[in-house]
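Survey of secondary and tertiary structure
The chain contents come next:
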Amino acid sequence: MVTAASIGSRVESLASSGISTIPKEYVRPEEELVNIGDIFEDEKSTEGPQVPTIDLKEIDSEDIKVREKCREELKKAAIDWGVMHLINHGISDELMERVKKAGKAFFDLPIEQKEKYANDQASGKIQGYGSKLANNASGQLEWEDYFFHCVYPEDKRDLSIWPQTPSDCIVATSEYAKELRGLATKMLSILSLGLGLEEGRLEKEVGGLEELLLQMKINYYPKCPLPELALGVEAHTDISALTFILHNMVPGLQLFYGGKWVTAKCVPNSVVMHIGDTLEILSNGKYKSILHRGLVNKEKVRISWAVFCEPPKEKIILKPLPETVSEEEPAIFPPRTFFEHIQHKLFRQSQEALVSTKESAALKSTTESALKSTKEAALISTN
């Protein structure tokens, strides 16, 4: 049922109301405010480290030297950064544009129409249209609305909750999910070889074709009157094995690298790929699940399409693979199911948020340890 309260709870509704300030629930803690800048100026900067761009054109080259050079670059990016821009990834520009056009068309609908697809987190209905509910001790909110749904395997989808408008939404998203599943297999194969494992090992460890879920979250970040006070998504690492992201070429993604926040460039026709917690655990920390966040701005709406490749919640025990463990490099992660890992992150987050609330006056450092205290098992997929 569409109510005035549900419509009023949407960030889009708040942003379009003509406000010149933002409610205190959206204002970040003081220790975070010191490093929230102008995202457009940050994106123009050519100084300092830059998120690597990996060209996959030669990933399967018959020339072994060319092929190995490409694969080594991907492995290095996974070890050093845990995030990269993928180009020449095999997914057509035309298909990616259709997916983006469909997502934008949905969010262009009146809020009353979008509310027909609203989720209900309280009852466990996590798929659909929603907004972040405060689930930390400080009660903070993020400047975004979203649409969340499982897009692969096909037999695990619930098409009844997918947007019926625009008409191409289901077809384009389904085609994209299928293409992305193939790309995930390719990336998992290369990353397996990078650990000295058999080519299909990581794919098997995260559930294989039958069990690995692809969950899409379309993030909608309205214009914000005071972007220097808010975040679209607060600092977190992804719980997934891999995450693939499209965006509408409006900057916003930042990565915590080398002790500071680095703004990702907008690379045309690329797919951003994150290593998630799941691969970090399986590789015993050799591949990095990087801390990242999303900034907002007052000039342009930002939309991103994040697809999380997640193992089954209970069927698989996540722990460092034996081949990644040695006397010199003992296991640094305890065995847990994927569900237990989610619960562990949520519990740790709530405890650290309580400490953060009590000691906010003292938490003004921008060191990595302080930033990590704000980690959240982000994304609706953790509910």
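Rules used in this analysis
- Residues numbered from 1 in each chain as written.
- Predicted model: local features only at pLDDT ≥ 70, side-chain atom pairs only at ≥ 80, totals over all residues.
- Heavy atoms only, no water.
- UniProt positions renumbered as here; feature names shortened; annotations may be inferred.
- Helix = DSSP H or I, 4+ residues; strand = E, 2+ residues; numbered from the N terminus.
- Buried < 20%, exposed > 50% of the residue type's maximum accessible area, 1.4 Å probe, protein only.
- Contact = heavy atoms within 4.5 Å.
- Pairing = 2+ DSSP bridges.
- Phe/Tyr/Trp six-rings, centres within 6.5 Å; stacked < 30°, edge-to-face > 60°.
- Axes fitted to C-alpha atoms, helices over the stretch in contact; angles between N-to-C directions.
- Parallel < 35°, antiparallel > 145°, perpendicular 65-115°, else oblique.
- Left-handed = near helix turned anticlockwise from the far one by under 90°.
- Nonpolar A, V, L, I, M, F, W, Y, C, P; charged D, E, K, R; others polar.
- Polar contact = N/O pair within 3.5 Å; in protein donor to acceptor, adjacent residues only side chain to side chain.

Under an unreviewed UniProt entry, the protein has the name Anthocyanidin synthase and belongs to Fragaria ananassa. As stated in UniProt under Sequence similarities (unreviewed entry), the record for the protein gives "Belongs to the iron/ascorbate-dependent oxidoreductase family." A UniProt comment under Cofactor (unreviewed entry) is attached to the protein, and it reads "L-ascorbate".

Some words on the environment of leucine 209
Summarising the element assignment, leucine 209 is placed in helix 10 (residues 208-211). The class for leucine 209 is partly exposed, based on a relative accessible area of 49%. In this structure, leucine 209 is in contact with Pro153, Arg181 and Glu203, ignoring residues within four places of it in sequence.

Quick notes on the pairing of strand 4 (residues 145-152)
It is a general feature of regular strands that their side chains alternate between the two faces of the sheet. Within strand 4, 8 of the 8 residues are buried, which leaves the element mostly enclosed by the surrounding structure. Sheet analysis places strand 3 (residues 128-131) next to strand 4, joined by 4 bridges and oriented antiparallel. Note that in strand 4 the partner of glycine 128 across the bridge is phenylalanine 148. Summarising the sheet, strand 4 and strand 5 (residues 213-221) pair through 7 bridges and their orientation is antiparallel.

Comments concerning the packing of aromatic side chains
For the coordinates displayed, the defined rule picks out 10 aromatic pairs. Taking 5.2 Å as the distance between ring centres and 85° as the angle between the ring planes, the aromatic pair formed by phenylalanine 106 and phenylalanine 107 counts as edge-to-face. Side by side, phenylalanine 106 and phenylalanine 107 carry an identical accessibility label, which is buried. With a centroid separation of 6.1 Å and an interplanar angle of 80°, the aromatic rings of phenylalanine 106 and tyrosine 129 are classed as edge-to-face. Placement of the pair is phenylalanine 106 in helix 6 (residues 93-108) and tyrosine 129 in strand 3, with a sequence separation of 23 residues. On the basis of relative accessibility, which here comes to 0%, the residue tyrosine 129 falls in the buried class.

Let's talk about the sheet that holds strand 12 (residues 302-310)
Taking strand neighbours across the sheet as the criterion, the 8 strands line up as 1-2-10-7-12-5-4-3 in an open arrangement whose pairing is mixed. Taken across any chain shown, the strands that pair with only one partner, and hence form the sheet edges, are strand 1 (53-55) and strand 3. Across this sheet, the average inter-strand angle for adjacent strands is 25°, counted without regard to direction. Summarising the sheet, strand 2 (residues 83-87) and strand 10 (residues 271-275) pair through 4 bridges and their orientation is antiparallel. Considered in strand 10, the bridge of methionine 84 is made with methionine 273. The sheet strands contacting helix 8 (residues 169-194) are strand 2, strand 4, strand 5, strand 7 (242-247), strand 10 and strand 12, and the helix crosses strand 7 at an angle near 135°.

Comments concerning the packing of helix 6 against helix 8
Two elements in contact, helix 6 and helix 8, have axes whose closest approach is 9 Å; the angle formed by their N-to-C orientations is 135°. Comparing the axis directions of helix 6 and helix 8 gives the class oblique. Crossing angle aside, the handedness with which helix 6 passes helix 8 is left-handed. On helix 8, the residues that touch Leu95, Met96, Arg98, Val99 and Ala102 of helix 6 are Cys169, Val171, Ala172, Thr173, Glu175, Tyr176 and Glu179. Here the contact of helix 6 with helix 8 is composed, by residue class, of 8 nonpolar, 1 polar and 3 charged.

Quick notes on the packing of helix 5 (residues 64-80) against helix 8
One can describe the packing of helix 5 onto helix 8 by two numbers: an axis separation of 10 Å at closest approach and a directional angle of 80°. On the basis of the axis angle, helix 5 is roughly perpendicular to helix 8. Facing helix 5, whose interface residues are Arg71, Leu74, Lys75 and Ala78, helix 8 presents Met187, Ile190, Leu191, Leu193 and Gly194.

Quick look at the environment of tyrosine 117
Counting through the fold element by element, tyrosine 117 comes out in the loop between helix 7 (111-114) and strand 3. For tyrosine 117, a relative accessible area of 18% translates into the label buried. Through-space distance from the C-alpha of tyrosine 117 to that of phenylalanine 147 is 8.7 Å; in sequence the pair is 30 residues apart. In this structure tyrosine 117 touches Phe106, Gly128, Tyr129, Phe147, Ile161, Trp162, Pro163, Gln164 and Thr165, once residues within four positions along its chain are discounted.

Side note on the side chain of arginine 28
Mapped onto the fold, arginine 28 is located in the loop between helix 2 (11-15) and helix 3 (30-33). One polar contact links arginine 28 to glutamate 234, side chain to side chain, over a distance of 2.5 Å. Aside from chain neighbours lying at most four places away, what touches arginine 28 is Leu33, Ile36, Gln140, Leu141, Leu229, Ala230, Leu231 and Glu234.

Here's the deal with unusual backbone geometry
Note: most peptide bonds trans; most residues except glycine with negative phi. In this structure, proline 153 follows tyrosine 152 across a cis peptide bond, with omega equal to 0°. Relative to the elements of secondary structure, proline 153 occurs in the loop between strand 4 and helix 8. Put simply, threonine 165 and proline 166 share a cis peptide bond, and its omega is 0°. Take proline 166: it is sitting in the loop between strand 4 and helix 8. Despite not being glycine, asparagine 88 shows a phi value in the positive range, around 50°. With respect to the element layout, asparagine 88 can be found in the loop between strand 2 and helix 6. Positive phi, normally seen in glycine, also occurs at methionine 249, with a value near 65°.

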